[in-house]
Amino acid sequence: GRGVPMASYGEVEYSAVEARIASLLEHEGDFVAAMATVACELHHSFGHYHWTGFYRSLPSSALQGEGPMLAVGPYQGTHGCLRIPFGKGVCGAAAQQRKTQFVPDVSRFPGHIACSSTTQSEVVVPVLDKSGTVLAVLDVDSNLPSAFTKLDRDCLERICCMLGQRHWRSGLT
């Protein structure tokens, strides 16, 4: 397996990952480059992260009359869903509610969208800008049941908060 096996990591490992991400993004001004870097760093740091990536909020000009929509962004893992409407599945719920979705068993989540048949647990964290607009959601899936802990959620929320509060010069549309 890749990275640190589940249950043998802690705050020290997460702090090191957050420090690497902060260092890598220190002078980066492009949101897409930042999302790609975060997805790669997280995916290769923890063995229980089997799909790690972002779904971007599409601008209203790209929607062709549809409601608010997420489109797959930078990720690591097998193919993801290409588009997810706000309010649909775990990612859409995180975007619509603007709050983290912590799902130990995806089969028990009403309306779960099975982008991968192997996913058993999932954490999705919205990336909100300073005005509360959803820029993206960070989706982390595991093929293991109940793979994620409060520590995972807290770290992912800190990273998404950092991404949302930055001033990005490009990559938002």
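Up top you'll find the structure we're talking about.
Note that the coordinates shown come from a computational prediction; the quantities given were computed from them, not determined experimentally.

## Quick look at the packing of aromatic side chains
- One pass over the full model with this rule turns up six aromatic pairs.
- Look at F46 and Y49: their rings are 5.2 Å apart centre to centre, the planes differ by 40 degrees, and that puts the pair in the tilted class. A single burial state applies to F46 and to Y49, both of which are buried.
- Measuring from ring centre to ring centre gives 5.7 Å for W51 and Y55, while their planes differ by 20 degrees; the resulting arrangement is stacked.
- Given a relative accessible area of 6%, W51 falls into the buried group.
- Ring-pair connections join several aromatic residues into one group, and the members of that group are Y14, F46, Y49 and F148.
- In this structure, R153 is placed above the aromatic ring of F102, and the distance from its NZ or CZ to the ring centre is 5.3 Å.

## Things to note about the pattern of salt bridges
- Following the criterion strictly, the structure yields five salt bridges and no others.
- E41 is the partner of R20 in a salt bridge, and the nearest nitrogen-oxygen pair spans 2.4 Å. With a gap of 21 residues between them, R20 in helix α1 (residues 11-25) and E41 in helix α2 (residues 31-43) connect regions that are remote in the sequence.
- A relative accessible area of 15% places E41 in the buried class.
- We note a salt bridge from K150 to D154, for which the minimum N-O separation is 2.6 Å. Highlighted residues: K150 and D154, both in helix α4 (residues 150-165), separated by four residues, approximately one helical turn.
- With relative accessibility at 21%, the residue D154 sits in the partly exposed group.
- When salt bridges that share partners are traced, they join E11, E18 and R158 into one network.

What counts as what
- Residues numbered from 1 in each chain as written.
- Predicted model: local features only at pLDDT ≥ 70, side-chain atom pairs only at ≥ 80, totals over all residues.
- Heavy atoms only, no water.
- Phe/Tyr/Trp six-rings, centres within 6.5 Å; stacked < 30°, edge-to-face > 60°.
- Buried < 20%, exposed > 50% of the residue type's maximum accessible area, 1.4 Å probe, protein only.
- Lys NZ or Arg CZ within 6 Å of the ring centre and 35° of its normal.
- Salt bridge = Lys/Arg side-chain N within 4 Å of Asp/Glu carboxyl O.
- Helix = DSSP H or I, 4+ residues; strand = E, 2+ residues; numbered from the N terminus.

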